[in-house]
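Residue strings, one per chain:
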Amino acid sequence: MNEALNTDAGAESPNVPREGESLSPVVAAILGTAVAAAAKRGGTGDVVRGLIAGLRILRATVEEEAGYTMAAAVDNAIRTRLLADNLSRLRVTGHEPEAVPLPDPGPGATAAAAIFESAAESCLTVNAHAEDNGPLEHAVFAFTAQLLQQLGGAPEWRSLAGELRRPMVDGPDGEDVEVTLH
């Protein structure tokens, strides 16, 4: 899984973009396809839940591979995007924007979560073939921007941050263990 964050600086790959090329359009295409597929199977709330599931995969992979500090950097990037959206709305309207509540999961939320988790994993695969972690950074930004668009505003950071962490359950030894799908 180390290749998911592209930490091997000497790795050669035939799929590495040439100098000056970017893999960001690939990440954008993956996310656009996922949004369209999830929207066909559920409502806006389901798409929002799917986007959160995708962000959770991205954040969890960063935490597993690079540690808590890098996961905190992902959290900060997401929170900064929420703040920028709120400041933009404040500038346009002159009123402090209200936090948008996260919707409850609907009947299409499970399908949307599977779609966006797959999209997040595809973005991690693209990142593994990049020279740097640009595709991963773009994926976090794009998933967050799409979340804001689907919600029509920024959610409260604390509620979103709680959703971005994998739930914990009691393990066989009585200690907390993260719940994963894999």
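Check the entry above for the structure.
Here's a quick rundown of the structure. From a predicted model like this one, the values you see are computed outputs, not experimental measurements. Sequence positions are assigned chain by chain, starting from 1 and proceeding in written order. Given that this is a predicted model, residues contribute local features only at a pLDDT of at least 70 and side-chain atom pairs are listed and counted only at 80 or more, while totals for whole chains, interfaces and linings are drawn from all residues. Only heavy atoms go into the side-chain values, all of them from the structure, while hydrogens and water stay out.

For the rest of this paragraph, the subject is the overall build of the protein. The helix and strand labels rest on DSSP assignments: H or I over at least four residues marks a helix, E over at least two residues marks a strand, and numbering proceeds from the N terminus. Summing up its helical and strand segments, the protein has six helices and two strands in all. Overall, the protein shows an N-to-C arrangement of helices and strands of α-α-α-α-α-α-β-β. Sorting the 182 residues of the protein into buried and exposed places 39% on the buried side. Here, residues are in contact when the closest pair of their heavy atoms is within 4.5 Å. If you take every contact in the protein between residues at least 6 apart in sequence, the share linking residues at least 24 apart comes to 79%. The buried label applies to any residue whose accessible area, calculated with a 1.4 Å probe on protein chains only, is under 20% of its type's maximum; exposed applies above 50%, and partly exposed to all values in between.

With that settled, consider the packing of aromatic side chains. In summary, the pairing rule links any two rings of Phe, Tyr or Trp, Trp by its six-membered ring, whose centres are within 6.5 Å, and it sorts them by plane angle into stacked for under 30 degrees, edge-to-face for over 60 and tilted for everything else. Under the criterion given, the structure shown has one aromatic pair. The interplanar angle of 75° and the centroid separation of 6.2 Å between the aromatic rings of Phe116 and Phe143 together place this pair among those described as edge-to-face. One end of the pair, Phe116, is in helix H4 (residues 109-128); the other, Phe143, is in helix H5 (residues 134-151), and 27 residues separate them in sequence. Note on Phe143: relative accessible area 0%, which makes it buried.

Let us now look at the packing of helix H2 (residues 44-66) against H5. Angles run from 0 to 180 degrees between N-to-C directions of axes, and those axes are lines fitted to C-alpha atoms, restricted for helices to the stretch in contact. At a closest axis distance of 10 Å, the pairing of H2 and H5 adopts a crossing angle of 155°. Put simply, H2 runs roughly antiparallel to H5. In the packing of H2 onto H5, the handedness of the crossing is left-handed. Residue-level inspection shows Thr44, Val47, Val48, Leu51, Ile52, Gly54, Leu55, Leu58 and Val62 of H2 in contact with H5, the latter providing Leu136, Ala139, Val140, Phe143, Thr144, Gln146, Leu147, Gln150 and Leu151. As a working rule, the residues Ala, Val, Leu, Ile, Met, Phe, Trp, Tyr, Cys and Pro are called nonpolar, Asp, Glu, Lys and Arg charged, and the rest polar, with Gly in that last group. Within the contact of H2 with H5, the residues separate by chemical class into 13 nonpolar, five polar and no charged. Geometric relationships in this document are graded by angle, where less than 35 degrees denotes roughly parallel, more than 145 denotes roughly antiparallel, 65 to 115 denotes roughly perpendicular, and other angles denote oblique. Left-handed describes a crossing whose near helix is turned anticlockwise from the far helix by less than a right angle; the clockwise case is right-handed.

Attention now moves to the side chain of Asp75. Inspection of the secondary structure assignment puts Asp75 in helix H3 (residues 68-93). We classify Asp75 as buried; its relative accessible area is 7%.

Attention now moves to the pattern of salt bridges. Salt bridges are defined as contacts in which a side-chain nitrogen from Lys or Arg sits within 4 Å of a carboxyl oxygen from Asp or Glu. Counted under the stated rule, the structure contains six salt bridges. The closest approach of N and O atoms between Arg49 and Glu163, which form a salt bridge, is 2.9 Å. Here Arg49, found in helix H2, pairs with Glu163, found in helix H6 (residues 157-164); they are 114 residues apart in sequence, far enough to count as distant. Since its relative accessible area comes to 15%, Arg49 is described here as buried. When the shortest N-O distance is used, the salt bridge between Arg89 and Asp85 registers 3.0 Å. Residue Arg89 and its partner Asp85 are both found in helix H3; the two are separated by four residues, about one turn of the helix. Among the ionic contacts, a cluster of salt bridges with common partners joins Arg59, Glu63, Asp75 and Arg165.

Moving on: H5. A helix is expected to reach a length of 1.5 Å times the quantity of its residues less one. In this model H5 runs 26 Å from its N-terminal to its C-terminal C-alpha over 18 residues, within 8% of the 26 Å that 1.5 Å per residue would give. The set of residues buried in H5 consists of Pro135, Leu136, Ala139, Val140, Ala142, Phe143, Thr144, Gln146, Leu147, Leu148 and Leu151. Of the surrounding secondary structure, the elements contacted by the buried residues of H5 are helix H1 (24-41), H2, H3, H4 and H6. Looking at the residues trailing H5, positive phi occurs at Gly152, about 80°.

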